[in-house]
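Per-entry structural report
Listed below are the residues making up each chain.
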Amino acid sequence: MNAPTKIDPNSPDHGEFSRAAAAAGLDLGSDGKLDTMAMARQETVLSPRFYTTDFAALDAIDVNPVRAEWDDLIAEMQADRNKLHFKRKESFEGIIENLEPDLREEFTDFLVSSMTSEFSGCVLYSEMARRTRNPDMKMLFKLLARDESRHAGFINETLKDAGIGVDLGFLTKSKKYTYFRPKFIWYAVYLSEKIGYARYITIFRHLAKHPEHRFHPIFSWFEEWCNDEFRHGEAFALLMRADPKLLKGGNRLWIRFFLLSVYATMYVRDHSRPVFHKALGVDPTEYDYKVFTVCTAITRQVFPIELETDDPAFRARMEDLLQSSRRIDAGKARGGLMGAFQRYSGVAGAGLAFARMYFHRTRENALPASVRMQPSW
Ligand SMILES: [Fe+2]
Ligand SMILES: [Fe+2]
């Protein structure tokens, strides 16, 4: 990788994204290529995190209340239907390099952030498999780590073809780890698996109808890929249903918090990639709400409440959150006293918008007797 050069946020040579990247403290390589390592390592509210947890607590987990469904799911994962899926017949060399610069930058950001979140799953699941003595947990996390390492590896190969692969060993050591209690891991990881499914399948179905927008071959892998994510989510749904207190009382507030955090983060992050979505022929607002609808339908297998993302009042607050987050970015780029003022006003606005969405009424949901679902979207 080339030695990074600090970029000037006001330079006219770079697009919107580069200015935003500079504002976020990212470096461009001296040849103008984005430093993907810096992108993967960045720690912002929006960037994918690495997690760690109380590994000893895994030993006490009992899946017997959902044993039959559990054993079916594990057998399905052991059958390893996607064993040969993540192999390519030819390299993707030249494709990213030939995209127009703004699209290349936003698409690279999309790939790096997807890769980081796949890889963070791989790191967490491997550690869980290694540290637990509970045979059910050991088996599950080995299978999950197997899949996530394929997913992360596949995206990284794609980046490497363009000469911008990420050093995963170094990333493991240099990234900060956020500690979560196991129950928070279940809420966060369940949602990230299911929303990952909803995102990939929505893009895949859209491109099946509009192949002229498939500007990179990696999108053709999304269908089988997202079925892996769907299965991963099933495991966490079963773990939560096996321990009903996780879905009751004060925990309902946590579920609400995690749902909103995941949706809001995705909304703001997707809206920072206008050129990427235009190239896909997708309006980010429409796309995000479609993904939320799919994800909410899936979460009825486990969560006793759902967010009213189709309510215009909720959507107006989501838009407030996006505008506030843009004020924060603009304030950072501007610097100085006025920049600081803009930033604080953005932070206050974002906090208020988030709180109003959090206290927006939710819909109650009666949990179905059988947990498992089919990926039918
Ligand atoms: Fe994955
Ligand atoms: Fe996954």
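Rules behind the numbers
Residues numbered from 1 in each chain as written. Chains lettered and ligands numbered in written order. Predicted model: local features only at pLDDT ≥ 70, side-chain atom pairs only at ≥ 80, totals over all residues. Helix = DSSP H or I, 4+ residues; strand = E, 2+ residues; numbered from the N terminus. Rg over C-alpha atoms; globule rule 2.2 N^0.38 Å. Buried ≥ 20, exposed ≤ 12 C-beta atoms within 10 Å, placed from the backbone. Contact = placed C-beta atoms within 7 Å. Expected span 1.5 Å × (residues − 1). Arc of directions from axis to C-beta. Core = buried A, V, L, I, M, F, W, Y, C linked by C-beta atoms within 7 Å. Domains from an automatic or database assignment. pLDDT = per-residue confidence, 0-100. Axes fitted to C-alpha atoms, helices over the stretch in contact; angles between N-to-C directions. Parallel < 35°, antiparallel > 145°, perpendicular 65-115°, else oblique. Left-handed = near helix turned anticlockwise from the far one by under 90°. Nonpolar A, V, L, I, M, F, W, Y, C, P; charged D, E, K, R; others polar.

Examining the overall build of the protein chain
For the protein chain, the helix and strand inventory stands at 13 helices and 6 strands. Taken against the 2.2 N^0.38 rule, which gives 21 Å for 377 residues, the C-alpha radius of gyration of the protein chain at 21 Å falls within 12% of a compact globule. Structurally, the protein chain occupies a C-alpha span of about 60 × 50 × 45 Å along its principal axes. For the protein chain, the proportion of its 377 residues judged to be buried stands at 37%. Taking the contacts inside the protein chain whose residues are at least 6 apart along the sequence as the reference set, 76% of them involve residues at least 24 apart.

Overview of helix 9 (residues 251-270)
For helix 9, which comprises 20 residues, the first-to-last C-alpha distance of 28 Å matches the rise-based estimate of 28 Å (1.5 Å per residue) to within 8%. All of the buried residues in helix 9 are I255, R256, L259, L260, Y263, A264, M266, Y267, V268, R269 and D270. Those residues of helix 9 hidden inside the fold are in contact with helix 7 (182-209), helix 11 (284-299), strand 5 (305-307), helix 12 (312-334), helix 13 (336-358) and strand 6 (362-364).

Topic: helix 3 (residues 67-79)
Compared with an ideal rise of 1.5 Å per residue, which puts 13 residues at 18 Å, helix 3 spans 18 Å between its outermost C-alpha atoms and is within 8% of the ideal. The set of residues buried in helix 3 consists of W70, L73 and M77. One side of helix 3 carries all its buried residues, which in axial view fall inside an arc of 70°. Across from the buried face of helix 3, at angles greater than 90 degrees, the exposed residues are A68, D71, A75, Q78 and A79. One or two residues past the end of helix 3 sits D80, with phi positive at roughly 50°.

So, the environment of K290
Residue placement: K290 occurs in helix 11. Look at K290 and you get partly exposed, because 18 C-beta atoms sit within 10 Å.

Some points on the nonpolar core
If you look at the biggest cluster of nonpolar residues, it comprises 79 residues, and the most contacted ones within it are W186, Y190, F236, L238 and Y263. Of the residues forming this core, the biggest block, 12 residues, is contributed by helix 7. Both domains that furnish three or more residues to this core are identified here as domain 2 (43-309) and domain 3 (312-359). Once residues lying within four places of it in the same chain are set aside, the contact partners of F236 are W186, V189, Y190 and E193.

Notes on the confidence of the model for the protein chain
Interpretation of the predicted coordinates at a detailed level should be avoided for regions scoring low in pLDDT. Residues with a pLDDT of 70 or more make up 90% of the protein chain, whose mean pLDDT is 89. Counting contacts from residues 1-32, a segment whose pLDDT is below 50, to residues more than four positions away or on other chains yields 54 contacts.

Examining unusual backbone geometry
Not every positive phi belongs to a glycine, and D80 is a case in point at roughly 50°. Tracing the backbone through its elements, the reader meets D80 in the loop between helix 3 and helix 4 (101-131).

Let's talk about the packing of helix 9 against helix 12
Between helix 9 and helix 12, whose axes approach to 10 Å, the crossing angle comes to 55°. Considered as vectors, helix 9 and helix 12 are oriented oblique to each other. Here helix 9 runs over helix 12; the crossing is right-handed. Listed contacts from helix 12 to A264, Y267 and V268 of helix 9 are M318, L321, L322 and S325. Grouping the constituent residues of the contact of helix 9 with helix 12 by class yields 6 nonpolar, 1 polar and no charged.

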